[in-house]
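Inside the fold
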Amino acid sequence: MDVFRIQGGIPLRGEVAAGGSKNAALPIMAASILAGAPVWLSGVPKVVDVDTLSLVLGHLGVEVKPQLDGRTKLETVDPRPTRADDELVRRMRASFCVLGPLLARRGRAVVALPGGCNIGDRPVDLHLKGLEALGAKIRVEHGYVVAEARRLVGAHVHLSGPRGPTVTGTANVLSAAVLARGRTTITGAASEPEVVDLGRFLIALGAKIAGLGTQTLVIDGCGELGGASYRIIPDRIETATLLLAAAITGGEATIAGANPRHLAQVFVHLRRAGAELAISGDRISLACRNRPKPTRLTALPYPGIPTDLQPQWMAWMTLASGSTMLRDCVFSDRFSHVAELERLGARIERAGETAIVSGVERLRGACVTASDLRAGAGLLLAGLAAEGQTVVRRVDHVDRGYERLEQKLRALGARIERLAEPEFPPSLPHLPSPSGAVRIA
Ligand code: EPU
């Protein structure tokens, strides 16, 4: 396992490019099971979650081949497998996105229940209810979802639960409905840009979908789909993470190749907190010279502030000139970064789905551990701002969803290096213990 060692306190400056969206690429790749001819995708990010899904698809007879021109080709070479590899599904929840496409195209799908994860309870009841409404027979046996249907039939499906719409649930039902007989209406659908991107990809394959970007989707099923060449949207979470990296260090950076329309609410909050923004086409520039103003934030489904930015925002607010209330209405338990930020000197009190962050003047370097992808990004950002050296462990979480994050940060002037865990800690002071043995301070 690798760690990141960061020498904090350096204002970031410069320009880097946004990569393709992980959360758009994953359901789009899964939906390539539906395609009747090869699919060429541009903008597939080189992240571990994409590698994992490529393995899942490989077991399901879909060859995933990166091409020399940077595109990724996906082609069904064996249409018979219907069981997703258990170990891989457990490793990455988003593999559950193969359920709808497998069922619709191959008539049967066996996929392990993904279970909870480090950001809390993550049920899939809405995915299953939605597919059942389309006529699938579903049973949960020994930890597996077994879904069967000779041909799905269009129906009305409602996909909002107590915490709002489900993103991958909408992906699963939408992907299944495109091959169903007749019309499906999904209400309470997720309107995240990643869901819209999946819908556009399906349209490129020949599907008929109306209402993308709203909470009501109308899908007219068709007998079969073809292939397509498609470009995945830029990653709005990576873009905002890099902007926040510039903000937390009091720096100035431009992210090129981004889609500013997907970040409108985030910009409102960045400006409220005191950041200056300039947007020109697909380029977003941010400058922030002072401590942020405390800015209350509630993570909500799109177009609200994404829960996937809550830890990074919290990292910034640890340095605010006052107290900030942060609430996560999507994942009420997504707070594993709180205790780690406290190691760096942050002052945070948590009560249920809310955290009150009392801004401090400075953070001080320490050794912290990432417990999930976005928590890891938040800790990295805090490390960039902290005085002295910070070590972030378990960066495998960060690698799941960010492509070469440390390289992009280095291109902006950050002093950050990746070390293999056994090399660490090479430079922390070693103190003689009373017995004479060496211990680590
Ligand atoms: N929910 C249910 N029942 C369901 C499905 C979801 O009650 O059947 C609840 C969840 O427990 C949660 C809320 O609904 O409280 C929203 O969950 P959602 O299903 O939308 O999350 P997801 O589809 O599993 C995707 C992203 C997450 C992102 C969330 C919210 C992918 C692969 N994952 O997860 O991304 O946080 O939407 O926007 O797209 C990440 O990238 O770090 C990440 C976790």
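Residues numbered from 1 in each chain as written. Predicted model: local features only at pLDDT ≥ 70, side-chain atom pairs only at ≥ 80, totals over all residues. Heavy atoms only, no water.

Let us look at the sheet that holds strand E4 (residues 62–66). With mixed pairing, the 4 strands of this open sheet are ordered in space as E4-E5-E3-E15. Because the sheet does not close on itself, it has two edges, and the strands there are E4 and strand E15 (228–231). Adjacent strand axes in the sheet meet at a mean angle of 20°, parallel and antiparallel pairs treated alike. Judged from the 5 bridges that link them, E4 and strand E5 (residues 72–76) form a sheet pairing that is antiparallel. In the strand pairing of E5, Val64 is matched with Leu74. (Pairing = 2+ DSSP bridges. Helix = DSSP H or I, 4+ residues; strand = E, 2+ residues; numbered from the N terminus. Axes fitted to C-alpha atoms, helices over the stretch in contact; angles between N-to-C directions.)

According to the stated counting rule, one finds 2 aromatic pairs in the structure shown. Ring geometry for Phe201 against Tyr230: centres 5.7 Å apart, planes inclined by 70°, an arrangement best described as edge-to-face. Here Phe201, found in helix H7 (residues 193–205), pairs with Tyr230, found in strand E15; they are 29 residues apart in sequence, far enough to count as distant. On the accessibility criterion, Phe201 (0% relative accessible area) is buried. A ring pair is formed by Trp313 and Trp316, whose centres lie 5.3 Å apart and whose planes are at 85°; its orientation type is edge-to-face. Here Trp313 and its partner Trp316 are both found in helix H10 (residues 310–317), 3 residues apart, which amounts to about one turn of the helix. This pair shows no difference in class: Trp313 is buried, exactly as Trp316 is. In this arrangement the basic side chain of Arg83 is found over the ring face of Tyr144, its NZ or CZ atom lying 4.5 Å from the centre. (Phe/Tyr/Trp six-rings, centres within 6.5 Å; stacked < 30°, edge-to-face > 60°. Buried < 20%, exposed > 50% of the residue type's maximum accessible area, 1.4 Å probe, protein only. Lys NZ or Arg CZ within 6 Å of the ring centre and 35° of its normal.)

Quick look at the domain arrangement of the protein now. For the protein, the assigned domains read domain 1 (2–19 + 234–423) and domain 2 (22–231). On a C-alpha basis, the centres of domain 1 and domain 2 stand 30 Å from each other. Opposite the 24 residues of domain 1 that make contact, domain 2 presents 19 residues. Of the roughly 1,800 Å² buried between domain 1 and domain 2 on both sides combined, carbon and sulfur atoms contribute 48%. The largest share of the area that domain 1 buries against domain 2 comes from Tyr302, Arg400 and Glu403, three residues that together contribute 32% of it. At the boundary of domain 1 with domain 2, the tally comes to 3 salt bridges. With a closest N to O distance of 3.2 Å, Glu353 and Arg163 form a salt bridge. Taken together, domain 1 and domain 2 are joined by 8 residue pairs in polar contact (both at pLDDT 80 or more). Within the residue set of the side of domain 1 that touches domain 2, elements represented by two or more residues are helix H12 (373–385) and helix H13 (396–399). Residue classes in the side of domain 1 that touches domain 2 are distributed as 7 nonpolar, 5 polar and 12 charged. (Domains from an automatic or database assignment. Contact = heavy atoms within 4.5 Å. Buried area = accessible area lost by both parts, 1.4 Å probe. Salt bridge = Lys/Arg side-chain N within 4 Å of Asp/Glu carboxyl O. Polar contact = N/O pair within 3.5 Å; in protein donor to acceptor, adjacent residues only side chain to side chain. Nonpolar A, V, L, I, M, F, W, Y, C, P; charged D, E, K, R; others polar.)

Omega for the peptide link from Tyr302 to Pro303 comes to 10°, which places this bond in the cis form. Locating Pro303 in the fold gives a position in the loop between strand E19 (297–299) and H10. Phi is positive for His142, which is not a glycine, with a value near 50°. Residue placement: His142 occurs in the loop between strand E7 (137–141) and strand E8 (144–148). The exposed category is assigned to His142, whose relative accessible area is 77%. Even without being a glycine, Arg404 presents a positive backbone phi close to 50°. If you trace the backbone, Arg404 turns up in the loop between H13 and helix H14 (405–411). Since its relative accessible area comes to 41%, Arg404 is described here as partly exposed.

Moving on, we come to the packing of helix H4 (residues 99–106) against helix H6 (residues 167–177). Viewed as axis vectors pointing N to C, H4 and H6 meet at an angle of 15°, and their least axial separation amounts to 7 Å. Comparing their axes, H6 and H4 come out roughly parallel. As for the relative orientation of H4 and H6, their crossing is right-handed in sense. Here Leu99, Gly100, Pro101 and Ala104 of H4 come into contact with H6, specifically with Asn172, Ser175 and Ala176. Broken down by class, the residue content of the contact of H4 with H6 amounts to 4 nonpolar, 3 polar and no charged. (Parallel < 35°, antiparallel > 145°, perpendicular 65-115°, else oblique. Left-handed = near helix turned anticlockwise from the far one by under 90°.)

For the rest of this paragraph, the subject is the confidence of the model for the protein. On average, residues of the protein carry a pLDDT of 94, and 95% of them reach 70 or more. Throughout residues 429–441 the model reports pLDDT below 50, and contacts reaching past four residues in sequence, or to other chains, amount to 15 contacts. (pLDDT = per-residue confidence, 0-100.)

Let us now look at the pairing of strand E3 (residues 39–42). Here 3 bridges tie E3 to E5, and the two strands are oriented antiparallel to one another. Note on E5: the bridge partner recorded for Val39 is Leu74. Of the strand pairs in this sheet, E3 and E15 are connected by 4 bridges, and their pairing is parallel. What sits directly across from Leu41, in E15, is Tyr230.

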